[in-house]
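Each chain, written out:
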Amino acid sequence: MRFLYPLGFLGLIGIPVLVLVYIIKNRYTEKIISSTYIWTMSERFLKRRVPISKIANIISLILQILAVIFISFAITQPVIVIPGAAHSYCFVIDASGSMNITQNGKTRFDIAKERIDEMIDKSKNGSDYTLICMGGSDQMYENILDKKTAKQKLSELNVGYESPDAAHALEKAQVKFNKNPSMLIYLFTDKDYTQSDNVTVVNVAKDVDNYAIKDVSYEHSGSKLRITGTAVSYLGESDVTVQLYFDGESEKYDSKEVKADGAGAQFEFVCDKASFGFFTVALEGKDALVLDDEIVVYDVAYQNISDILLVSDSPFFMRAALASVGINKVDFKTTDEYEGNTGYGLYIFDTFMPEKLPEDGAVWFIDPKSTLAGTNFSFQGEVAPRTDANYSTSTESMVMTLLDGIVDATDKIHAYKSFTVNRYDKCRLNGKFYELAYCDGDTPILFAGTNAYGNREAVFAFDIHNAQLALLGDLPLLVKNLINFSFPTTIIAETNYYCGDTVLINAFAACTDIRIELPSGARDGIIPSETICEYKLTEVGVYKIVLVMKDKSERSINVFASLPETERSPFTMGSVFSITGTPETEFTDGLVDILLYIFIILAVLAVADYGLYCYEQYQLR
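**Q** Mind showing me how you'd approach the packing of helix α4 (residues 108-122) against helix α5 (residues 147-156) here?
**A** Helices that pack against each other are described as a pair by the angle of their axes relative to one another and the distance between those axes. Between α4 and α5, whose axes approach to 10 Å, the crossing angle comes to 175°. In terms of orientation, α4 and α5 fall into the roughly antiparallel class. Every residue of α5 that contacts α4 at Lys-113, Ile-116, Asp-117, Ile-120 and Asp-121 is listed here: Lys-147, Ala-150, Lys-151, Leu-154 and Ser-155. Tallied by class, the residues present in the contact of α4 with α5 amount to four nonpolar, one polar and five charged.

Set out below in C-alpha cells:
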C-alpha cells in the first residue's frame, strides 16, 4: 500500500484526545423521580444494567477511535500498489477530413474519442497518457497522470478537414517511444495502414454511402456559360442528381441526373449567362459526408470589381448593360446630385463632365462635351452627321482582349463589322490609348487607356443612347471587357482551393489590414508586411477575404475550399505508420484507489456510534 499524502497521519493525534475525554468525562446524570420507594425497588435492576452501560461507553470510544483512524487514512489517500499493472499510453487520433463521415449518427472522430475515453477509464491509476492529434488542430498533450484531466483534454480535440500529416504525428510518437520503449501506442483512424510496427491500429471505419462533386470548372463563350464537373459514387454505381444555383438564389437554375460510380460521371450545364457572381453545384439529398456534396465557384473577374457609381440623367442603357453581365451593385446619381463623391472603384459619367477628375478609381466617359484636366484626352468638337463606326483592325493583344466576343482575330474580315452612330465627338489623345473603333477612317470614338493618376480610363466619344451599339448586342460585351480592363489588379488569382491549401493574397499598397471570415463564423486577420500575403485554408466552405484600405474603404473577395479528394472515400489506404525500436515491458506499478471503501467504513462507524448515543440518551434498552 502507498500513501499519496502521508502527512494525513497527523490526524491520529486525535486518538489520545478521545481517550482523555473518555477518562475525565462525568458519567453521573441528574434524574428526577417521583418516589424513593420506587428507586429502591428498581435498584437491583439498575445494578444489573451497569456493566452493559460500561460496555456501551467502551464500544462508543472504540468506534470514535476507529473513525479518527479511517479519517486520517482518507486524508493520506491510500492506494493499493499492483506491480507492473500501469502503462504509459500514447493515443494518436486521426483528425483528417474523412473522420467527419457519420456512422450511426456519430462522426468517426467522435467514435474514436469514445474508444479512447473507454481505454482511459479501464486503465489502472498510475498510468500516464499522451494525446497526439493527427491533423485538425495538430495538438499534443504529454504525460498526463490524471484520468479526469486526460479525458478533458481528449474532449477538447477537434476534427479537421485536411489530409492527415502522418509523418508529423509519427515523428512525435517516435520521440515518445525513444524515451520510453515500454509505451503502448495506439492509432485511431479510418484508414488501413500497410505497415504499423509497434503501433496498434484501431480502424473505426464502417460501410457507408458517400457521393461527391469534384473537378467543377466553367468557360465563357460569348453570351453562353458552360459548366462541367464530375459526380462520384464511392460504394458502387448509383443514380445521383446534380443541381445548379446562381448567386445564392433558392430556385435551382437547372439539374442533371447521372449514373455515377467510383470513377465518376461527367455532367454539363450550358447557361444563358454572359457573366455571374458565383454559382453552386450541389447534390440532391444527403449522405454520410455532406462536406463534399457542394462546390461554390466564384468568378475572379467579377469579384475583383469594386463599387461602381453611375452618374447619368438617362441611365437605362448603361444599367441594363451592367446588369446583363451580372453587375447589380451600382450606385446611381443624377448629374445634379453628383457632388464630387469619392470611395468608388469605377466612376461612369454618362453625358456629363465633373469639375474634377476622381483620383481613387477608374473612370468611364460617355459622350464627353468638354476637356477635363488629367484625362489625357481633349474635346475638339462635335460631328453631327449619321455615320458608321468601324471596329479596329489591330491585332494588338490588348485591343483584341477589349474587343473579345465582338470581333475575332482569326476572322480576316472583322474590320468590316460596324455600328451606326447619329453623332460623335472629335477627341485628341494626349497619352497612350488602345483605339477600339473609328469614324471617318481615322477618328477614334472608342478608346481606353490610363489618366494622369494612373487609373484606367475608357471613353465612348458618342451618345450610346442614339447609337446602334445596344441593338446589336455589342454594348454588354464591351462593358464586360472594359470592366475587366478597369480592375486589373486582382486580390487573388483564383477562387477555388482544397482545404489545406495556401491562398496568396495581393495586398495593395494602400492596404493596412486583411480580415478573413472563416466558414465556421470565426474571424482571423493578417497585418500585411509584404505585397503578397499567405493564408492557409483549414475549413471547408466559403471564406470572405476583406482588404481594409488607408481611407477605411474595403475591398472583399470570396473563395471556396473543398474537402481534399483523398478524404472523400469511405475507405482509403494509409501509407506506413511504424515506430522503430525494440519494445520493452518494464511497466510501472498500478494503483487501486480505496478511498471509496474508507468512506463506506466511516459511514458504518458513524451510524453505529449514533445508535449507541441514542441508546444512552433515550434509554433504548
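Alright, that's what it looks like, and here's the rest.
**Q** When you look at a nonpolar patch on the surface in this model, what are you seeing that I'm missing?
**A** On the surface, a nonpolar cluster with roughly 520 Å² of combined accessible area is contributed by Leu-7, Leu-10, Ile-13, Val-17 and Val-21. Here Val-17 is to be found in helix α1 (residues 14-24).

**Q** Looking at this model, I keep getting lost on the sheet that holds strand β18 (residues 308-311). Mind explaining?
**A** Strands belonging to one sheet form pairs held by backbone hydrogen bonds; the direction of such a pair is parallel or antiparallel. Overall, mixed pairing links the nine strands, which are arranged β19-β18-β20-β21-β28-β27-β26-β23-β24 in an open sheet. At either margin of the open sheet sits one strand with a lone partner, and together these are β19 (330-333) and β24 (418-421). Pairwise comparison of adjacent strand axes, ignoring direction, gives a mean angle of 20° for this sheet. Note that β18 and β19 share four bridges and pair parallel. By the bridge assignment, Val-311 is partnered in β19 with Lys-333. Contacts between helix α10 (residues 474-486) and the sheet are confined to β18, β20 (346-350), β21 (362-366), β23 (387-391), β26 (433-439), β27 (443-450) and β28 (456-460), with β28 contributing the most and set at about 160° to the helix.

**Q** I tried to follow the nonpolar core on my own but got confused; where do I start?
**A** What tends to happen in soluble globular proteins is that the nonpolar side chains get buried as a cluster. Membership of the largest hydrophobic core comes to 66 residues, with the highest contact counts inside it found for Ile-445, Phe-460, Phe-462 and Ile-483. Take this core: its biggest share by element is seven residues, from α10. With residues up to four places along the chain from it excluded, the contact list for Ile-445 reads Ala-389, Phe-419, Val-421, Tyr-424, Ala-437, Tyr-438, Cys-439, Val-459, Phe-460, Ala-461 and Phe-462. Membership of the second largest hydrophobic core comes to 24 residues, among which are Val-216, Leu-225, Val-258 and Phe-560.

**Q** What is the right way to read the environment of Glu-382 from this model?
**A** Within the secondary structure, Glu-382 is located in strand β22 (residues 377-383). Between the C-alpha atom of Glu-382 and that of Asp-425, which follows or precedes it by 43 residues, the distance is 4.5 Å. Excluding residues within four positions of it along the chain, Glu-382 makes contact with Lys-369, Arg-423, Tyr-424 and Asp-425. One polar contact links Glu-382 to Lys-369, side chain to side chain, over a distance of 3.5 Å.

**Q** Is there a simple way to think about the side chain of Asp-463 in this case?
**A** Along the polypeptide, Asp-463 turns up in the loop between β28 and α10. Since its relative accessible area comes to 9%, Asp-463 is described here as buried. Looking at Asp-463, its side chain comes within polar contact range of the side chain of His-465, at 2.6 Å. With residues near it in sequence (within four places) discarded, Asp-463 still touches Thr-351, Asp-367 and Arg-423.

**Q** Help me understand helix α6 (residues 166-179), please; the structure alone is not making it clear to me.
**A** Every α-helix winds through 3.6 residues per turn, so residues three or four apart in the chain are directed the same way. For α6, with 14 residues, the first-to-last C-alpha span of 20 Å sits near the 20 Å given by 1.5 Å per residue. Listing the buried residues of α6 in full gives Ala-166, Ala-169, Leu-170, Lys-172, Ala-173, Gln-174, Lys-176 and Phe-177. Elements that come into contact with the buried residues of α6 comprise β3 (88-94), β6 (128-134), β7 (140-144), β8 (184-189), β9 (191-195) and β36 (572-576).

**Q** I would appreciate a short explanation of the pairing of strand β15 (residues 265-271) in the present structure.
**A** Strand residues, when the strand is regular, have side chains that alternate between the two faces of the sheet. Of the two faces of β15, the one lined by Ala-265, Phe-267, Phe-269 and Cys-271 is fully buried and the one lined by Gln-266, Glu-268 and Val-270 carries no buried residue. Across seven bridges, the pairing between strand β12 (residues 224-233) and β15 is antiparallel. Across the sheet, residue Thr-228 finds its bridge partner in β15, namely Glu-268.

**Q** How should the packing of helix α8 (residues 316-324) against α10 be read in this particular structure?
**A** Put simply, α8 and α10 touch, their axes get as near as 8 Å, and they point 70° apart. Relative to α10, the element α8 is oriented roughly perpendicular. Here α8 and α10 pass one another in a crossing that is right-handed. For the pair α8 and α10, contact is made by Phe-317, Met-318, Ala-321, Leu-322 and Ser-324 and by Leu-475, Pro-476, Val-479 and Ile-483, respectively. In the contact of α8 with α10, the residues fall into eight nonpolar, one polar and no charged.

**Q** Teacher, can you tell me more about unusual backbone geometry here?
**A** In most cases, non-glycine residues show a negative phi, while peptide bonds are predominantly trans. Positive phi outside glycine occurs at Thr-351, with the angle close to 55°. You can see Thr-351 is positioned in the loop between β20 and β21. In the Ramachandran plot, Asp-367 falls in the positive-phi region, its phi being about 55° despite a non-glycine side chain. Secondary-structure assignment places Asp-367 in the loop between β21 and β22.

**Q** Sorry, what's going on with the packing of aromatic side chains here?
**A** Two measures describe an aromatic ring pair: the distance that separates the ring centres and the angle between the ring planes. By the definition in use, this model includes 27 aromatic pairs. Ring centres 4.9 Å apart and planes at 85° place the aromatic pair Tyr-218 and Phe-276 in the edge-to-face group. Pair noted here: Tyr-218 is in strand β11 (residues 211-221) and Phe-276 is in the loop between β15 and β16 (278-283), with a separation of 58 residues, a long-range link. For Tyr-218, a relative accessible area of 26% puts it in the partly exposed group. Assessed through its relative accessible area of 0%, Phe-276 is described here as buried.

**Q** Any chance you could explain α10 here in plain terms?
**A** With 13 residues, α10 ought to run about 18 Å at 1.5 Å a step, and its terminal C-alpha atoms sit 18 Å apart, in line with that. Looking only at α10, the buried set comprises Asp-474, Leu-475, Leu-477, Leu-478, Val-479, Lys-480, Asn-481, Leu-482, Ile-483, Phe-485 and Ser-486.

**Q** What exactly am I supposed to notice about the layout of surface pockets here?
**A** Gaps left between atoms show up when a probe the size of a water molecule is rolled over them. In this structure, the second largest pocket encloses a volume near 780 Å³. With three residues, the top contributor of residues to the lining of the second largest pocket is strand β35 (residues 554-562). Tallied by class, residues from the lining of the second largest pocket come to nine nonpolar, twelve polar and nine charged.

The rules behind the values
- Residues numbered from 1 in each chain as written.
- Predicted model: local features only at pLDDT ≥ 70, side-chain atom pairs only at ≥ 80, totals over all residues.
- Heavy atoms only, no water.
- Axes fitted to C-alpha atoms, helices over the stretch in contact; angles between N-to-C directions.
- Helix = DSSP H or I, 4+ residues; strand = E, 2+ residues; numbered from the N terminus.
- Parallel < 35°, antiparallel > 145°, perpendicular 65-115°, else oblique.
- Contact = heavy atoms within 4.5 Å.
- Nonpolar A, V, L, I, M, F, W, Y, C, P; charged D, E, K, R; others polar.
- Patch = residues over 30% accessible without salt bridge, like charges linked within 9 Å, V, L, I, M, F, W, Y side chains within 5 Å.
- Areas by Shrake-Rupley, 256 points an atom, 1.4 Å probe, with all protein chains shown as cover.
- Salt bridge = Lys/Arg side-chain N within 4 Å of Asp/Glu carboxyl O.
- Pairing = 2+ DSSP bridges.
- Core = buried A, V, L, I, M, F, W, Y, C linked by side-chain atoms within 4.5 Å.
- Buried < 20%, exposed > 50% of the residue type's maximum accessible area, 1.4 Å probe, protein only.
- Polar contact = N/O pair within 3.5 Å; in protein donor to acceptor, adjacent residues only side chain to side chain.
- Expected span 1.5 Å × (residues − 1).
- Left-handed = near helix turned anticlockwise from the far one by under 90°.
- Phe/Tyr/Trp six-rings, centres within 6.5 Å; stacked < 30°, edge-to-face > 60°.
- 1 Å grid on protein atoms, 1.4 Å probe; cavity = no way out; pocket = protein on both sides within 12 Å on 5 of 7 lines; lining within 4 Å.
- Points joined across faces, edges and corners; volume = space filled by probe spheres on them.

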